[in-house]
Amino acid sequence: MNGAASMTTALPYLKQFDLSGQVALVTGSARGLGLCIARALAGSGARVLINGRNAQAVDATVAGLRADGLDAHPLVFDVSNDAALAQAFERIDREHGRLDILVNNVGARNRKTLADTSAAEIRELIDTDLVAGILLAKLAAERMVRQGSGRLIAITSVVGELARAGDAVYPAAKQGLTGLVRALAAEFGGRGITSNAIAPGTFATETNAAMVADPDFGPRVAARNPTGRWGEPEEIAGAAVFLASKAASYVNGHVLVVDGGLSIQF
């Protein structure tokens, strides 16, 4: 097959990844992995709603994306605040008229031994990392059912399957999200809605900057990975675009691990 013929057949296929006309909400998207996912979805044609609790940070992120010619809009709310969550979805209805993609990315972590973690801290982490994800999915699914289509995507973690001492609650919540994703896949799969998760490994985000720079810990984590390095935040984006696209229309109830092979090597 010559080059021209190959290009002709490739272009229609690549259109499956075009998200033009779709509205996507990415929680916790003012920075880090959430921002990289939001940028990729917007770069694929979606209108992306940038979420965070800090209005100044959200507005700065939106301005940066718009400067790059991307369709981005602010949506400031705390995912763990039930009233604010309901109001945010009412605003989505009012201002955008639909919601096609939800990426539940917000997560909190408190690396402590279980003995040193108070009951209040446990409940706060579970509320943010799991309960908020359930409520987000509930509100998003209500709209997607009316539309007859949608993509529910949760950002979990390889620590839902792997464990280490001094970090009990976060893995428990992330494993809970995995169960949620599978339950949603079963409940809504017949209504044009898919539900999947992305499980990141160790990424060199702003949040992890101190660990990456630690002369002992940073290289040790890199050496533990078959790739020999930490992941770059942008490397999470392709998985999100795939799961949000028509190309993943028969992918449902799946956890896509993006960790450089961390979880398969011992």
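Up top you'll find the structure we're talking about.
Quick summary incoming for the structure in this document. In every chain, residue numbers begin from 1 and rise along the written sequence. Whole-chain, interface and lining totals are the exception, using all residues; otherwise, since this is a predicted model, local features are given only for residues with pLDDT of at least 70 and side-chain atom pairs are given and counted only at 80 or more. Water and hydrogen atoms play no part in the side-chain values, which are based on all heavy atoms of the structure.

### Let's talk about the pairing of strand 4 (residues 101-104)
Here is the rule we go by: Per-residue accessibility, obtained with a 1.4 Å probe over protein chains only, is compared with the maximum for each type, and a residue is labelled buried under 20%, exposed over 50%, and partly exposed between these values. What counts as a helix is a DSSP run of H or I of at least four residues, what counts as a strand is a run of E of at least two, and both are numbered from the N terminus. Paired strands, in this sense, are two strands between which DSSP finds at least two bridges. Look down the strands so they point away from you; if going from the first strand over the helix to the second traces a clockwise path, that crossover is right-handed.
Of the two faces of strand 4, both are covered, the one formed by Ile101 and Val103 as well as the one formed by Leu102 and Asn104. Where strand 1 (residues 23-26) lies against strand 4, 3 bridges are found, and the strand directions are parallel. Across the sheet, the residue bridging to Ala24 is Ile101, located in strand 4. Pairing geometry for strand 4 and strand 5 (residues 150-155), over 4 bridges, is parallel. Paired with Val103 across the strands is Ile153, a residue of strand 5. Crossover strand 4 to strand 5 through helix 5 (residues 119-147) is right-handed.

### Examining the packing of aromatic side chains
In plain terms, the rule: Classification of ring pairs rests on two measures: the distance between centres of Phe, Tyr or Trp rings, Trp counted by its six-membered ring, which must be within 6.5 Å, and the angle between planes, read as stacked under 30 degrees, edge-to-face over 60 and tilted in between.
Scanning the model with the defined rule gives 2 aromatic pairs in all. Consider the rings of Tyr13 and Phe17, whose centres lie 6.4 Å apart with planes at 65°: the pair is edge-to-face. Residue Phe17 is classed as partly exposed on the basis of its relative accessible area of 27%.

### A word on the packing of helix 4 (residues 82-96) against helix 5
Here is the rule: Only the contacting stretch of a helix is used when fitting its axis, a line to C-alpha atoms as for every element, and angles between N-to-C directions run 0 to 180 degrees. Relative orientations are named as follows: roughly parallel for angles under 35 degrees, roughly antiparallel for angles over 145 degrees, roughly perpendicular for angles from 65 to 115 degrees, and oblique for any other angle. If you view the pair so one helix is near and one far, a crossing is left-handed when the near helix is turned anticlockwise from the far one by less than a right angle, and right-handed when it is turned clockwise. Any two residues whose heavy atoms approach within 4.5 Å are treated as being in contact. All amino acids are sorted into three groups, where Ala, Val, Leu, Ile, Met, Phe, Trp, Tyr, Cys and Pro are nonpolar, Asp, Glu, Lys and Arg are charged, and the leftover types, Gly among them, are polar.
Orientation of helix 4 relative to helix 5, taken along the N-to-C sense of each, is 25°, at an axis distance of 10 Å. Accordingly, the angle class assigned to the pair helix 4 and helix 5 is roughly parallel. By crossing handedness, the relation of helix 4 to helix 5 is classed as right-handed. Every residue of helix 5 that contacts helix 4 at Asp82, Leu85, Phe89, Glu90 and Asp93 is listed here: Leu135, Leu136, Leu139, Ala140, Arg143 and Arg146. Considered class by class, the residues forming the contact of helix 4 with helix 5 number 6 nonpolar, no polar and 5 charged.

### Remarks on empty space enclosed by the protein
Put simply, the rule reads: Think of a 1 Å grid over just the protein atoms. A cavity is a set of points where a 1.4 Å probe fits yet cannot get out, a pocket is an open set with protein on both sides within 12 Å along at least five of seven lines, and lining residues have an atom within 4 Å of a point. Grid points are joined across faces, edges and corners, and a volume is the space filled by probe spheres set on the points.
Throughout the structure, instances matching the rule amount to 1 cavity of 30 Å³ or more. In this structure, the largest cavity encloses a volume near 70 Å³. What lines the largest cavity is a set of 13 residues, and nearest its centre among them are Ala137, Leu152, Ile153, Ala154 and Leu184. Looking at the lining of the largest cavity, the elements with two or more residues in it are strand 4, helix 5, strand 5, helix 6 (169-188) and strand 6 (193-200).

Interpretation in functional terms is not warranted from these geometric data alone.
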